[in-house]
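Architecture and fold: a report
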Amino acid sequence: MNILLFGAGAREHVILAKLHESKLLSRLFLANPGDGFKRLGEIIEFIDYYDLGKKCVERKIELVIIGPEEPLAEGIVDVLNSFGIKTIGANKHFSKLESSKIFAKQFMQKYNIPTSPFEIIESYQDIETKFIEFVDKYKEKKIVLKADGLCKGKGVFICDDIKFAKDKLKKLLDGEFDKASKKVIVEKYQEGEEISLICLFDGKILLPFLPSRDYKRAYDGNIGPNTGGMGAYCPLKLSNDVKKQISQYLIKLQNALINEKANFSGFIYSGLIITKEGLKVLEYNMRPGDPEIQALLTALKSDFLNILYKASEKRLDEVNLNWENNSSYCLVVASEGYPQNPKFGDEIVNLDKLKQKYPDVCVYYANVLKKDKKIYSNGGRVLSLCSHNAYILYKFAEELDFKNKFYRKDLFGLKSF
Ligand code: GLY
(Lines give C-alpha, C1' and ligand atoms only; values in the text may rest on other atoms or scores of the structure.)
Protein backbone atom coordinates (compact mmCIF):
# COMPACT_ATOMS: atom_id res chain seq x y z
CA MET A 1 0.00 0.00 0.00
CA ASN A 2 1.30 3.49 -0.83
CA ILE A 3 0.89 5.89 2.07
CA LEU A 4 1.41 9.61 2.53
CA LEU A 5 2.25 10.95 5.98
CA PHE A 6 1.72 14.69 6.51
CA GLY A 7 3.58 16.56 9.26
CA ALA A 8 6.91 17.45 10.78
CA GLY A 9 7.01 16.70 14.50
CA ALA A 10 8.05 13.87 16.81
CA ARG A 11 4.43 12.67 16.59
CA GLU A 12 4.83 12.13 12.84
CA HIS A 13 8.28 10.60 13.32
CA VAL A 14 6.94 7.90 15.65
CA ILE A 15 4.04 7.25 13.26
CA LEU A 16 6.57 6.92 10.42
CA ALA A 17 8.59 4.40 12.46
CA LYS A 18 5.45 2.30 13.05
CA LEU A 19 4.46 2.45 9.37
CA HIS A 20 7.91 1.14 8.40
CA GLU A 21 7.33 -1.89 10.68
CA SER A 22 4.25 -2.91 8.69
CA LYS A 23 4.33 -5.53 5.94
CA LEU A 24 1.42 -3.69 4.31
CA LEU A 25 3.62 -0.70 3.43
CA SER A 26 4.84 -0.45 -0.17
CA ARG A 27 6.00 3.14 -0.64
CA LEU A 28 6.00 5.86 2.01
CA PHE A 29 5.59 9.44 0.85
CA LEU A 30 6.04 12.47 3.09
CA ALA A 31 4.47 15.94 2.92
CA ASN A 32 5.99 18.78 4.98
CA PRO A 33 8.25 16.36 6.89
CA GLY A 34 10.68 17.36 9.63
CA ASP A 35 14.36 17.67 8.76
CA GLY A 36 15.25 14.90 11.18
CA PHE A 37 13.29 12.21 9.32
CA LYS A 38 12.67 13.51 5.81
CA ARG A 39 15.20 11.07 4.33
CA LEU A 40 13.04 8.12 5.46
CA GLY A 41 10.42 8.58 2.73
CA GLU A 42 9.81 10.11 -0.69
CA ILE A 43 8.98 13.79 -0.31
CA ILE A 44 6.06 15.31 -2.20
CA GLU A 45 6.27 19.07 -2.73
CA PHE A 46 2.92 20.75 -3.34
CA ILE A 47 1.40 24.17 -3.97
CA ASP A 48 -1.96 23.64 -2.29
CA TYR A 49 -4.15 20.74 -1.17
CA TYR A 50 -5.64 20.33 -4.70
CA ASP A 51 -2.13 19.99 -6.09
CA LEU A 52 -1.37 17.48 -3.33
CA GLY A 53 -4.55 15.54 -4.23
CA LYS A 54 -3.46 15.32 -7.90
CA LYS A 55 0.00 14.12 -6.89
CA CYS A 56 -1.51 11.49 -4.59
CA VAL A 57 -3.59 10.16 -7.50
CA GLU A 58 -0.52 10.08 -9.79
CA ARG A 59 1.45 8.12 -7.18
CA LYS A 60 -1.44 5.74 -6.42
CA ILE A 61 -1.50 6.76 -2.78
CA GLU A 62 -4.32 4.95 -1.01
CA LEU A 63 -4.23 6.58 2.39
CA VAL A 64 -3.08 9.96 3.71
CA ILE A 65 -2.40 10.28 7.45
CA ILE A 66 -2.51 13.87 8.67
CA GLY A 67 -0.73 14.60 11.96
CA PRO A 68 -1.02 18.33 12.74
CA GLU A 69 -4.12 20.38 13.48
CA GLU A 70 -3.58 23.26 11.02
CA PRO A 71 -4.12 21.34 7.74
CA LEU A 72 -7.18 19.67 9.25
CA ALA A 73 -8.65 23.07 10.16
CA GLU A 74 -7.87 24.30 6.64
CA GLY A 75 -9.88 21.43 5.12
CA ILE A 76 -7.18 19.13 3.72
CA VAL A 77 -9.38 16.08 4.34
CA ASP A 78 -12.34 17.50 2.38
CA VAL A 79 -10.05 18.22 -0.60
CA LEU A 80 -8.31 14.83 -0.58
CA ASN A 81 -11.60 12.98 -0.18
CA SER A 82 -12.94 14.84 -3.26
CA PHE A 83 -10.15 13.05 -5.21
CA GLY A 84 -11.36 9.71 -3.80
CA ILE A 85 -8.33 9.44 -1.49
CA LYS A 86 -8.84 7.91 1.94
CA THR A 87 -7.65 9.92 4.91
CA ILE A 88 -6.96 9.70 8.62
CA GLY A 89 -8.00 13.06 10.05
CA ALA A 90 -11.14 15.07 10.75
CA ASN A 91 -12.85 17.02 7.99
CA LYS A 92 -13.01 20.80 8.21
CA HIS A 93 -16.32 20.89 10.09
CA PHE A 94 -15.37 18.45 12.82
CA SER A 95 -11.83 19.77 13.15
CA LYS A 96 -13.61 22.73 14.76
CA LEU A 97 -13.84 20.59 17.89
CA GLU A 98 -10.18 21.54 18.24
CA SER A 99 -9.87 24.74 16.22
CA SER A 100 -12.75 26.49 18.04
CA LYS A 101 -13.00 26.09 21.79
CA ILE A 102 -16.44 27.71 21.59
CA PHE A 103 -17.65 25.12 19.04
CA ALA A 104 -16.34 22.35 21.29
CA LYS A 105 -18.12 23.75 24.38
CA GLN A 106 -21.38 24.09 22.47
CA PHE A 107 -21.04 20.47 21.23
CA MET A 108 -20.52 19.31 24.83
CA GLN A 109 -23.48 21.33 26.08
CA LYS A 110 -25.75 19.94 23.35
CA TYR A 111 -24.92 16.34 24.28
CA ASN A 112 -24.78 16.81 28.02
CA ILE A 113 -21.08 15.93 28.10
CA PRO A 114 -19.74 17.16 31.45
CA THR A 115 -17.39 20.12 31.15
CA SER A 116 -16.38 23.13 33.21
CA PRO A 117 -18.80 26.11 33.28
CA PHE A 118 -17.71 28.83 30.90
CA GLU A 119 -18.47 32.24 29.43
CA ILE A 120 -17.56 33.69 26.05
CA ILE A 121 -15.74 37.04 26.06
CA GLU A 122 -15.70 39.02 22.81
CA SER A 123 -15.18 42.67 23.82
CA TYR A 124 -13.75 45.00 26.48
CA GLN A 125 -17.35 45.54 27.59
CA ASP A 126 -17.75 41.78 28.16
CA ILE A 127 -14.72 41.92 30.45
CA GLU A 128 -16.47 44.45 32.71
CA THR A 129 -19.81 42.64 32.64
CA LYS A 130 -19.81 38.93 31.77
CA PHE A 131 -16.31 38.25 33.08
CA ILE A 132 -16.90 40.01 36.42
CA GLU A 133 -20.26 38.26 36.87
CA PHE A 134 -18.58 34.91 36.09
CA VAL A 135 -15.83 35.51 38.65
CA ASP A 136 -18.37 36.63 41.28
CA LYS A 137 -20.51 33.58 40.66
CA TYR A 138 -17.75 30.96 41.01
CA LYS A 139 -15.49 32.75 43.50
CA GLU A 140 -12.49 30.65 42.42
CA LYS A 141 -8.92 31.64 43.24
CA LYS A 142 -7.83 30.52 39.78
CA ILE A 143 -9.49 31.19 36.48
CA VAL A 144 -8.74 29.72 33.06
CA LEU A 145 -8.62 31.69 29.82
CA LYS A 146 -8.63 29.91 26.47
CA ALA A 147 -8.22 31.62 23.13
CA ASP A 148 -10.97 30.32 20.84
CA GLY A 149 -8.73 29.39 17.90
CA LEU A 150 -5.54 27.43 17.27
CA CYS A 151 -2.46 28.82 19.05
CA LYS A 152 0.06 25.96 18.76
CA GLY A 153 -0.67 24.86 22.33
CA LYS A 154 0.07 28.32 23.77
CA GLY A 155 -3.46 29.75 24.04
CA VAL A 156 -4.42 28.53 27.53
CA PHE A 157 -3.73 30.63 30.62
CA ILE A 158 -4.30 29.65 34.24
CA CYS A 159 -4.60 32.96 36.09
CA ASP A 160 -4.08 33.33 39.84
CA ASP A 161 -5.52 36.84 40.12
CA ILE A 162 -8.30 38.82 38.56
CA LYS A 163 -6.19 41.77 37.51
CA PHE A 164 -3.79 39.52 35.60
CA ALA A 165 -6.76 37.75 34.00
CA LYS A 166 -8.33 41.08 32.92
CA ASP A 167 -5.05 42.34 31.45
CA LYS A 168 -4.50 39.04 29.66
CA LEU A 169 -8.04 39.11 28.29
CA LYS A 170 -7.42 42.57 26.84
CA LYS A 171 -4.17 41.43 25.21
CA LEU A 172 -5.90 38.40 23.74
CA LEU A 173 -8.84 40.42 22.38
CA ASP A 174 -6.33 42.93 20.97
CA GLY A 175 -4.95 40.09 18.84
CA GLU A 176 -2.11 38.44 20.77
CA PHE A 177 -2.80 35.40 18.57
CA ASP A 178 -4.33 37.36 15.67
CA LYS A 179 -7.81 36.06 14.79
CA ALA A 180 -7.41 33.03 17.06
CA SER A 181 -7.81 35.17 20.19
CA LYS A 182 -10.52 37.60 19.03
CA LYS A 183 -12.89 35.49 21.12
CA VAL A 184 -11.87 33.99 24.44
CA ILE A 185 -13.42 31.46 26.77
CA VAL A 186 -13.33 32.05 30.51
CA GLU A 187 -13.61 28.79 32.35
CA LYS A 188 -13.88 27.63 35.97
CA TYR A 189 -10.58 26.07 37.07
CA GLN A 190 -10.87 22.34 37.74
CA GLU A 191 -8.76 20.35 40.14
CA GLY A 192 -8.12 16.63 39.66
CA GLU A 193 -6.30 13.84 37.90
CA GLU A 194 -5.87 14.49 34.18
CA ILE A 195 -6.21 11.75 31.59
CA SER A 196 -5.51 11.88 27.86
CA LEU A 197 -7.91 9.62 26.01
CA ILE A 198 -6.97 9.16 22.38
CA CYS A 199 -9.49 7.34 20.19
CA LEU A 200 -9.75 6.40 16.55
CA PHE A 201 -13.14 7.00 14.97
CA ASP A 202 -14.46 5.62 11.68
CA GLY A 203 -17.85 7.31 11.44
CA LYS A 204 -19.52 4.54 13.48
CA ILE A 205 -17.14 3.24 16.11
CA LEU A 206 -14.90 4.99 18.60
CA LEU A 207 -11.88 2.82 19.42
CA PRO A 208 -10.06 3.96 22.57
CA PHE A 209 -6.30 3.60 22.97
CA LEU A 210 -4.86 3.08 26.44
CA PRO A 211 -5.51 6.05 28.71
CA SER A 212 -2.28 8.04 28.96
CA ARG A 213 -1.02 11.19 30.67
CA ASP A 214 1.12 14.11 29.60
CA TYR A 215 2.83 16.78 31.68
CA LYS A 216 1.75 20.16 30.37
CA ARG A 217 3.57 22.62 32.62
CA ALA A 218 7.06 23.63 31.56
CA TYR A 219 8.93 23.39 34.86
CA ASP A 220 9.56 20.89 37.65
CA GLY A 221 6.87 20.79 40.32
CA ASN A 222 4.16 21.37 37.70
CA ILE A 223 4.72 25.09 37.53
CA GLY A 224 5.40 27.51 34.71
CA PRO A 225 3.61 28.09 31.43
CA ASN A 226 1.51 25.49 29.64
CA THR A 227 3.33 23.63 26.88
CA GLY A 228 2.31 21.07 24.29
CA GLY A 229 3.66 18.49 26.74
CA MET A 230 7.04 17.82 28.38
CA GLY A 231 6.59 14.07 28.72
CA ALA A 232 3.98 11.34 28.74
CA TYR A 233 3.38 7.77 29.86
CA CYS A 234 0.95 4.92 29.62
CA PRO A 235 -0.89 2.95 30.84
CA LEU A 236 -2.44 4.63 33.89
CA LYS A 237 -3.50 2.92 37.09
CA LEU A 238 -7.18 3.78 37.24
CA SER A 239 -9.82 2.77 39.76
CA ASN A 240 -12.82 0.74 38.59
CA ASP A 241 -14.97 3.79 39.23
CA VAL A 242 -12.88 5.97 36.90
CA LYS A 243 -12.83 3.21 34.27
CA LYS A 244 -16.61 3.08 34.46
CA GLN A 245 -16.89 6.86 34.06
CA ILE A 246 -14.63 6.70 31.01
CA SER A 247 -16.73 3.92 29.45
CA GLN A 248 -19.91 5.92 30.01
CA TYR A 249 -18.29 9.01 28.52
CA LEU A 250 -17.15 7.09 25.43
CA ILE A 251 -20.70 5.91 24.76
CA LYS A 252 -21.93 9.52 25.04
CA LEU A 253 -19.22 10.80 22.72
CA GLN A 254 -19.76 8.07 20.14
CA ASN A 255 -23.51 8.69 20.11
CA ALA A 256 -22.96 12.45 19.81
CA LEU A 257 -20.60 12.05 16.85
CA ILE A 258 -22.97 9.65 15.10
CA ASN A 259 -25.92 11.96 15.77
CA GLU A 260 -23.94 14.86 14.24
CA LYS A 261 -23.24 12.65 11.20
CA ALA A 262 -19.50 12.87 11.73
CA ASN A 263 -18.49 10.89 8.67
CA PHE A 264 -14.70 11.04 8.94
CA SER A 265 -12.02 8.55 9.87
CA GLY A 266 -9.51 10.01 12.24
CA PHE A 267 -8.34 10.66 15.74
CA ILE A 268 -10.24 12.39 18.49
CA TYR A 269 -8.37 13.18 21.68
CA SER A 270 -10.32 13.97 24.82
CA GLY A 271 -8.45 15.87 27.51
CA LEU A 272 -10.25 14.61 30.65
CA ILE A 273 -10.07 15.55 34.30
CA ILE A 274 -11.46 13.49 37.17
CA THR A 275 -12.82 16.03 39.65
CA LYS A 276 -14.68 15.55 42.94
CA GLU A 277 -17.85 15.89 40.89
CA GLY A 278 -16.69 13.24 38.42
CA LEU A 279 -15.26 13.19 34.91
CA LYS A 280 -15.19 16.42 32.90
CA VAL A 281 -13.87 17.16 29.42
CA LEU A 282 -11.26 19.92 29.32
CA GLU A 283 -10.66 19.94 25.56
CA TYR A 284 -10.74 18.06 22.29
CA ASN A 285 -7.88 17.66 19.85
CA MET A 286 -8.57 16.09 16.47
CA ARG A 287 -5.18 14.45 16.25
CA PRO A 288 -3.09 12.15 18.37
CA GLY A 289 -1.64 14.02 21.32
CA ASP A 290 2.05 14.83 21.22
CA PRO A 291 3.87 13.43 23.28
CA GLU A 292 1.18 10.92 24.34
CA ILE A 293 1.24 9.12 20.98
CA GLN A 294 5.00 8.61 21.29
CA ALA A 295 4.42 6.68 24.54
CA LEU A 296 1.37 4.86 23.16
CA LEU A 297 3.04 3.69 19.97
CA THR A 298 6.01 2.48 22.04
CA ALA A 299 3.48 0.27 23.82
CA LEU A 300 1.46 -0.84 20.78
CA LYS A 301 2.16 -4.35 19.50
CA SER A 302 -0.51 -4.43 16.74
CA ASP A 303 0.20 -3.38 13.15
CA PHE A 304 -0.54 0.36 13.28
CA LEU A 305 -0.90 0.73 9.51
CA ASN A 306 -3.45 -2.07 9.46
CA ILE A 307 -5.41 -0.29 12.21
CA LEU A 308 -5.38 3.03 10.34
CA TYR A 309 -6.34 1.35 7.09
CA LYS A 310 -9.28 -0.43 8.77
CA ALA A 311 -10.38 2.93 10.24
CA SER A 312 -10.27 4.52 6.79
CA GLU A 313 -12.42 1.64 5.46
CA LYS A 314 -14.93 2.05 8.33
CA ARG A 315 -14.01 -1.40 9.62
CA LEU A 316 -12.83 -0.60 13.14
CA ASP A 317 -15.18 -3.32 14.40
CA GLU A 318 -12.55 -5.80 13.09
CA VAL A 319 -9.71 -4.29 15.12
CA ASN A 320 -8.27 -5.46 18.43
CA LEU A 321 -5.46 -3.42 19.91
CA ASN A 322 -2.63 -5.40 21.53
CA TRP A 323 -0.38 -3.66 24.00
CA GLU A 324 2.90 -4.47 25.73
CA ASN A 325 2.42 -5.42 29.37
CA ASN A 326 4.99 -2.96 30.70
CA SER A 327 4.76 0.83 30.95
CA SER A 328 5.97 3.15 28.18
CA TYR A 329 7.49 6.56 28.70
CA CYS A 330 8.29 9.58 26.58
CA LEU A 331 10.60 12.33 27.84
CA VAL A 332 10.70 15.54 25.82
CA VAL A 333 14.04 17.30 25.52
CA ALA A 334 13.36 20.94 24.69
CA SER A 335 15.46 24.04 24.22
CA GLU A 336 15.90 26.70 26.92
CA GLY A 337 13.20 29.35 26.57
CA TYR A 338 10.45 26.96 25.46
CA PRO A 339 7.54 27.65 25.13
CA GLN A 340 7.90 31.44 24.77
CA ASN A 341 11.26 32.04 23.08
CA PRO A 342 13.20 28.84 22.58
CA LYS A 343 16.85 29.07 21.65
CA PHE A 344 17.95 27.17 18.57
CA GLY A 345 21.03 26.38 16.50
CA ASP A 346 22.94 24.33 19.11
CA GLU A 347 24.76 21.26 17.89
CA ILE A 348 23.60 18.04 19.54
CA VAL A 349 27.05 16.57 19.77
CA ASN A 350 26.82 12.98 20.95
CA LEU A 351 23.42 11.70 19.79
CA ASP A 352 24.76 8.78 17.73
CA LYS A 353 27.02 7.64 20.54
CA LEU A 354 24.12 7.68 23.01
CA LYS A 355 21.89 5.77 20.61
CA GLN A 356 24.55 3.03 20.55
CA LYS A 357 25.04 3.14 24.31
CA TYR A 358 21.28 2.97 25.02
CA PRO A 359 19.78 0.84 22.22
CA ASP A 360 16.47 0.53 24.10
CA VAL A 361 15.82 4.27 23.78
CA CYS A 362 14.01 5.35 20.61
CA VAL A 363 14.73 8.93 19.56
CA TYR A 364 12.10 10.87 17.61
CA TYR A 365 12.92 14.24 16.09
CA ALA A 366 10.64 17.21 16.72
CA ASN A 367 12.64 20.34 15.85
CA VAL A 368 16.09 19.56 14.52
CA LEU A 369 18.17 20.52 11.53
CA LYS A 370 20.64 18.13 9.91
CA LYS A 371 23.59 19.70 8.10
CA ASP A 372 26.94 18.23 7.01
CA LYS A 373 26.35 15.07 9.05
CA LYS A 374 25.75 17.18 12.16
CA ILE A 375 22.46 17.71 13.97
CA TYR A 376 21.27 20.98 15.53
CA SER A 377 18.36 22.05 17.74
CA ASN A 378 15.87 24.07 15.74
CA GLY A 379 12.98 25.06 18.00
CA GLY A 380 11.05 24.48 21.22
CA ARG A 381 10.60 20.75 21.64
CA VAL A 382 13.70 19.19 20.08
CA LEU A 383 13.63 15.44 20.75
CA SER A 384 11.25 12.85 22.14
CA LEU A 385 13.02 10.01 23.95
CA CYS A 386 10.95 6.85 24.36
CA SER A 387 11.48 3.63 26.26
CA HIS A 388 9.90 1.14 28.62
CA ASN A 389 12.51 2.20 31.17
CA ALA A 390 12.07 5.71 32.58
CA TYR A 391 15.41 5.60 34.44
CA ILE A 392 17.34 4.95 31.19
CA LEU A 393 15.52 7.87 29.53
CA TYR A 394 16.86 10.16 32.21
CA LYS A 395 20.39 8.77 31.87
CA PHE A 396 20.17 9.46 28.12
CA ALA A 397 18.85 13.00 28.61
CA GLU A 398 21.45 13.76 31.28
CA GLU A 399 24.33 12.66 29.05
CA LEU A 400 22.99 14.40 25.95
CA ASP A 401 25.43 17.11 24.96
CA PHE A 402 23.73 20.23 23.67
CA LYS A 403 24.06 23.71 25.02
CA ASN A 404 20.58 24.91 25.86
CA LYS A 405 18.99 21.55 26.56
CA PHE A 406 16.08 21.70 28.95
CA TYR A 407 13.80 18.94 30.25
CA ARG A 408 11.63 18.24 33.27
CA LYS A 409 13.56 16.29 35.87
CA ASP A 410 10.63 15.19 38.03
CA LEU A 411 8.47 13.06 35.74
CA PHE A 412 7.13 9.49 35.98
CA GLY A 413 7.19 9.44 39.77
CA LEU A 414 11.00 9.25 39.80
CA LYS A 415 13.09 11.21 42.24
CA SER A 416 14.40 14.46 40.81
CA PHE A 417 17.41 13.91 38.54
N1 GLY B 1 -0.19 16.80 24.61
C2 GLY B 1 -1.36 17.41 24.17
C3 GLY B 1 -1.32 17.97 22.81
O4 GLY B 1 -0.95 17.29 21.88
O5 GLY B 1 -1.65 19.12 22.62
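Just above sits the structure.
I will try to describe carefully the structure that is included in this document. What you see is a predicted model; the values in this text were computed from it and never measured.

This part is about the pairing of strand β18 (residues 328-335). Most of β18 is tucked away: 8 of the 8 residues are buried. Residues Ser328, Cys330, Val332 and Ala334 of β18 are buried on one face, and the alternating residues Tyr329, Leu331, Val333 and Ser335, pointing to the opposite face, are buried as well. Note: β18 against strand β22 (residues 381-387), 6 bridges, orientation antiparallel. In the strand pairing of β22, cysteine 330 is matched with cysteine 386. The pairing of β18 with strand β23 (residues 405-406) spans 2 bridges and is classified as antiparallel. Across the sheet, residue serine 335 finds its bridge partner in β23, namely lysine 405.

Here the structure, examined in full by the defined rule, presents 0 disulfides. Not engaged in a disulfide, the cysteine cysteine 330 finds its nearest cysteine sulfur in cysteine 386; these two sulfurs lie 3.8 Å apart.

On to helix α9 (residues 240-259), then. In this model α9 runs 29 Å from its N-terminal to its C-terminal C-alpha over 20 residues, within 8% of the 28 Å that 1.5 Å per residue would give. Of the surrounding secondary structure, the elements contacted by the buried residues of α9 are α5 (92-99), α6 (101-110), β10 (193-201), β11 (206-208), β16 (266-275) and β17 (278-285). One or two positions beyond α9, positive phi appears at lysine 261, with a value near 55°.

What follows concerns the site of the ligand. If you check the shell around the ligand, you find Asp214, Gly228, Tyr269, Asn285, Arg287, Gly289, Asp290, Pro291 and Glu292 and nothing else. In the model, a nitrogen atom of the ligand is placed 2.7 Å from a nitrogen or oxygen of the aspartate 214 side chain. A distance of 2.8 Å is found between a nitrogen atom of the ligand and a side-chain nitrogen or oxygen belonging to glutamate 292. Computed on the free molecule, the ligand has an accessible area of 200 Å², of which 91% lies beneath the protein chains in the complex. In terms of residue class, the shell around the ligand is built from 2 nonpolar, 3 polar and 4 charged.

A separate point is the sheet that holds strand β4 (residues 63-66). Sheet architecture is open: 5 strands sit in the order β3-β2-β1-β4-β5, paired in parallel fashion. The open sheet terminates on both sides in strands that have one partner only, identified here as β3 (42-43) and β5 (86-88). Across 3 bridges, the pairing between β4 and β5 is parallel. The partner of valine 64 across the bridge, within β5, is threonine 87. Those strands touched by helix α2 (residues 49-58) are β1 (3-6), β2 (28-31) and β4, and its axis lies near 155° from that of β1.

Here 4 strands make up an open sheet; going across it, the order is β6-β9-β7-β8 and the pairing antiparallel. The open sheet has two edge strands with one neighbour each: β6 (118-121) and β8 (156-159). Shown here is a sheet whose adjacent strand axes are inclined to one another by a mean of 20°, direction ignored. Two strands pair when backbone bridges link them, and strand β7 (residues 143-147) and strand β9 (residues 184-188) are joined in this way by 5 bridges, in the antiparallel orientation. Bridged to alanine 147 within β9 is valine 184. Across the sheet, helix α7 (residues 124-138) touches β6, β7 and β9, and the angle it forms with β6 is around 170°.

Bringing the pattern of salt bridges into the picture now. Opposite charge on two side chains makes pairing possible when the charged atoms of those side chains draw close. Counted under the stated rule, the structure contains 31 salt bridges. Ionic pairing is found between lysine 146 and glutamate 187, a salt bridge with its closest N-O pair at 3.2 Å. Here the residue lysine 146 occupies a position in strand β7, and glutamate 187 occupies one in strand β9, the gap between them amounting to 41 residues. Of the two residues, lysine 146 and glutamate 187, neither departs from the other in class, the shared state being buried. Lysine 163 is the salt-bridge partner of aspartate 167, the closest N and O atoms lying 2.8 Å from each other. With aspartate 167 and lysine 163 both in helix α8 (residues 162-173), this residue pair falls 4 residues apart, about one helical turn.

Reading the values: rules and limits
Residues numbered from 1 in each chain as written. Predicted model: local features only at pLDDT ≥ 70, side-chain atom pairs only at ≥ 80, totals over all residues. Heavy atoms only, no water. Buried < 20%, exposed > 50% of the residue type's maximum accessible area, 1.4 Å probe, protein only. Helix = DSSP H or I, 4+ residues; strand = E, 2+ residues; numbered from the N terminus. Pairing = 2+ DSSP bridges. Disulfide = S-S within 2.5 Å. Expected span 1.5 Å × (residues − 1). Contact = heavy atoms within 4.5 Å. Near = heavy atom within 4 Å. Polar contact = N/O pair within 3.5 Å; in protein donor to acceptor, adjacent residues only side chain to side chain. Areas by Shrake-Rupley, 256 points an atom, 1.4 Å probe, with all protein chains shown as cover. Nonpolar A, V, L, I, M, F, W, Y, C, P; charged D, E, K, R; others polar. Axes fitted to C-alpha atoms, helices over the stretch in contact; angles between N-to-C directions. Salt bridge = Lys/Arg side-chain N within 4 Å of Asp/Glu carboxyl O.

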